[in-house]
Amino acid sequence: MEDLKKASQLIDQSASTDDLEKARVEIFGKKGLLSKGFVKLKDLQGDEKKVEAQRLNELKDTLTQLFDTRYVEIKNKEIEQKLKEDALDLTLYQNSHQTAALHPVVETMDRIIEYFVSMNFSIETGPLVEDDFHNFEALNLPKNHPARDMQDTFYFADNSLLRTHTSPVQIRKMMSTKPPIRMIAPGVVFRRDYDLTHTPMFHQVEGLVVDVKDKVNFAHLKSILTEFLLEMFGDVKVRFRPSFFPFTEPSSEVDISCIFCKGKGCRVCSNTGWIEILGCGIVDPNVFKSVGYEDVSGYAFGIGIERLAMLIHEIPDLRSLFEGDIRLLEQFR
Ligand code: DAH
């Protein structure tokens, strides 16, 4: 009876499955309590041996039952405890949580795209590695045009190049479809430039509308771009100023009244009261000729995204947009 008392105490006092495992080894193990009892049987004879053997077998059954019951008890307790500790409190307020912010260039791009899509423009894309024909030749940029200079353009050894503007997408679109066309081409462009207001990679949105002869004119261009600038900047004056681009004739640059001084004149607008925003014009007949279009009319425009983003967010150094410093983004959250 002594051994039953000792063994059941061992089981009862176990508080964890680890304790219980130790108890199991002490009772049921090779050198355990029961084994020792069974080993001693060989010293006994006859009835005495029989009685002791029966007692040991009953003891083993009793202890096994005790052990199993205790094991289930402890295991359940441990599971319950673990559930309690691991539970997620979904109502817990985590104020270290950080929300992401859109990069100002992406946000500005999105706003521009949204406007033109709402005006029924399709979105077109083209390759970043272009050839001379699409990037220059077909756009009526003559062979001696300074834009072709190694100073401005990134060339590869085979004379292909990184596109210097999104205008080649106009050419690709016109060469792959018939008019009418009503498209924008958002994307990155590359030039060998690096200072306060220039980075070697920047973003543009190109626009092109083509339809049958006389159907598209400067008034349409003026109306859609004015509408666009009012949408982007709110209450501003818009001015179309004669200019020159090889791919448009007539060409125009579009200014808005300075959003910082309201047109009075300040450092940002170099005291002119106006800020230049984009270039545009009526598509030059030479461009249509180079893509094989006849009896059509069209207008085009090109918008620099970084410039807009800088103005909207008052960012003084354009290069900061591409330094990947998280503190820049944190300001726009
Ligand atoms: N491609 C011109 C540039 O990169 C921008 C531009 C001006 C595009 C006038 C046009 C346009 O389509 O009509 O500076």
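Overview of the structure. Predicted, not measured: the structure shown is a model, and the values here were computed from it.

### A closer look at the site of the ligand
Around the ligand lies a shell of 15 residues, among which His 165, Ser 167, Arg 191, Gln 204 and Glu 206 are the nearest. In this structure, Gln 170 approaches the ligand through a side-chain N or O atom, which is 3.2 Å from an oxygen atom. Within the backbone of Phe 301, an N or O atom sits 3.3 Å from an oxygen atom of the ligand. Protein burial of the ligand: of its 360 Å² of free accessible surface, 88% is covered by the chains. Breaking the shell around the ligand down by element, the ones donating at least two residues are strand E5 (201-212), strand E8 (274-283) and strand E9 (296-304).

### Here's the deal with the sheet that holds E5
Within a beta sheet, neighbouring strands are joined by backbone hydrogen bonds and run either parallel or antiparallel to one another. Strands sit in the order E1-E4-E5-E9-E8-E7-E6 across an open sheet of seven strands; the sheet is mixed. If you trace the sheet from one side to the other, it starts and ends with strand E1 (122-123) and strand E6 (238-245), each paired once. Examined bridge by bridge, strand E7 (residues 248-257) and E8 share eight bridges and lie antiparallel to one another. Note on E8: the bridge partner recorded for Thr 248 is Val 283. Each of strand E4 (181-190), E5 and E9 is contacted by helix H7 (residues 168-176), which is oriented at about 140 degrees to E4, the strand it contacts most. Across the sheet, helix H8 (residues 218-233) is in contact with E4, E6, E7, E8 and E9; its angle to E8 comes to roughly 150 degrees.

### Comments concerning helix H2 (residues 17-28)
Helical geometry: 3.6 residues make up each α-helical turn, so side chains three or four residues apart lie on a common side. With twelve residues, H2 extends 15 Å between its outermost C-alpha atoms, agreeing within 8% with the 16 Å of an ideal straight helix rising 1.5 Å per residue. For H2, the secondary structure elements touched by its buried residues are helix H1 (2-13), helix H3 (33-40) and helix H4 (46-86).

### Some details on the packing of aromatic side chains
Using the criterion set out here, one finds eleven aromatic pairs in the structure. On the basis of an interplanar angle of 75 degrees and a centroid distance of 5.2 Å, the ring pair of Phe 116 and Phe 121 is categorised as edge-to-face. A residue is classified by how much of its surface remains accessible, and Phe 116, at 0% relative accessible area, is buried. For the ring pair Phe 116 and Phe 228, a centre distance of 5.0 Å and an interplane angle of 35 degrees mean the geometry is tilted. A residue pair is termed long-range when its members are at least 10 positions apart, and Phe 116 in helix H5 (residues 104-118) and Phe 228 in helix H8 qualify at 112 residues. A single burial state applies to Phe 116 and to Phe 228, both of which are buried. Members of the aromatic cluster, each reached through a chain of ring pairs, are Tyr 115, Phe 116, Phe 121, Phe 228, Tyr 299 and Phe 301. Directly above the ring of Tyr 194 sits Arg 319, whose terminal nitrogen or CZ lies 5.0 Å from the centroid.

### Remarks on unusual backbone geometry
The linkage connecting Pro 179 with the following residue, Pro 180, adopts the cis geometry, with an omega of 5 degrees. Mapped onto the elements of the fold, Pro 180 is located in the loop between H7 and E4. That bond from Glu 249 to Pro 250 is cis: its omega, -5 degrees, falls within 30 degrees of zero. Summarising the element assignment, Pro 250 is placed in strand E7. The residue Ser 270 is not glycine, and still its phi comes out positive at about 50 degrees. Along the chain, Ser 270 turns up in the loop between E7 and E8.

### Focus: a nonpolar patch on the surface
A surface patch of nonpolar side chains, amounting to about 240 Å² of accessible area, comprises Leu 128, Val 129 and Phe 156. If you trace the backbone, Leu 128 turns up in the loop between E1 and strand E2 (129-130). The partly exposed category is assigned to Leu 128, whose relative accessible area is 35%.

Thresholds, definitions, all that
Sequence positions are assigned chain by chain, starting from 1 and proceeding in written order. Only residues with pLDDT of at least 70 are given local features in this predicted model, and only at 80 or more are side-chain atom pairs given and counted; all residues enter the totals for whole chains, interfaces and linings. Remark: hydrogens and water are excluded; side-chain values derive from all non-hydrogen atoms of the structure. Note on definitions. A residue lies near a molecule or strand when any single heavy atom of the residue is within 4 Å of it. Two N or O atoms count as a polar contact when they lie within 3.5 Å, although within protein this holds only if one can serve as hydrogen donor and the other as acceptor, and sequence-adjacent residues are included solely when both atoms are side-chain atoms. Surface accessibility follows the Shrake-Rupley procedure with a 1.4 Å probe radius. Residue values consider only the protein chains on display as shielding. Secondary structure elements are defined from DSSP: runs of H or I of at least 4 residues count as helices, runs of E of at least 2 residues count as strands, and each element is numbered from the N terminus. Pairing between two strands requires that DSSP report at least two bridges joining them. By definition in these notes, contact holds between two residues if any of their heavy atoms fall within 4.5 Å. To get an axis, a line is fitted to the C-alpha atoms, and for a helix only the part in contact is used. The angle between two axes follows their N-to-C directions and goes from 0 to 180 degrees. What a helix should span is 1.5 Å times the count of its residues minus one. The rule is short: rings of Phe, Tyr and Trp, with Trp giving its six-membered ring, pair when the centres are within 6.5 Å, and they are stacked under 30 degrees, edge-to-face over 60, tilted in between. The rule is simple: take the accessible area with a 1.4 Å probe, protein chains only, and divide by the maximum for that residue type; under 20% is buried, over 50% is exposed, in between is partly exposed. We count a charge as sitting over a ring when the NZ of a lysine or the CZ of an arginine lies within 6 Å of the ring centre and within 35 degrees of the ring normal. Patch definition: residues above 30% relative accessible area lacking any salt bridge, with like charges linked at up to 9 Å and the nonpolar side chains Val, Leu, Ile, Met, Phe, Trp and Tyr linked at up to 5 Å. In what follows, salt bridge is the name for a side-chain nitrogen of Lys or Arg lying within 4 Å of a carboxyl oxygen of Asp or Glu.

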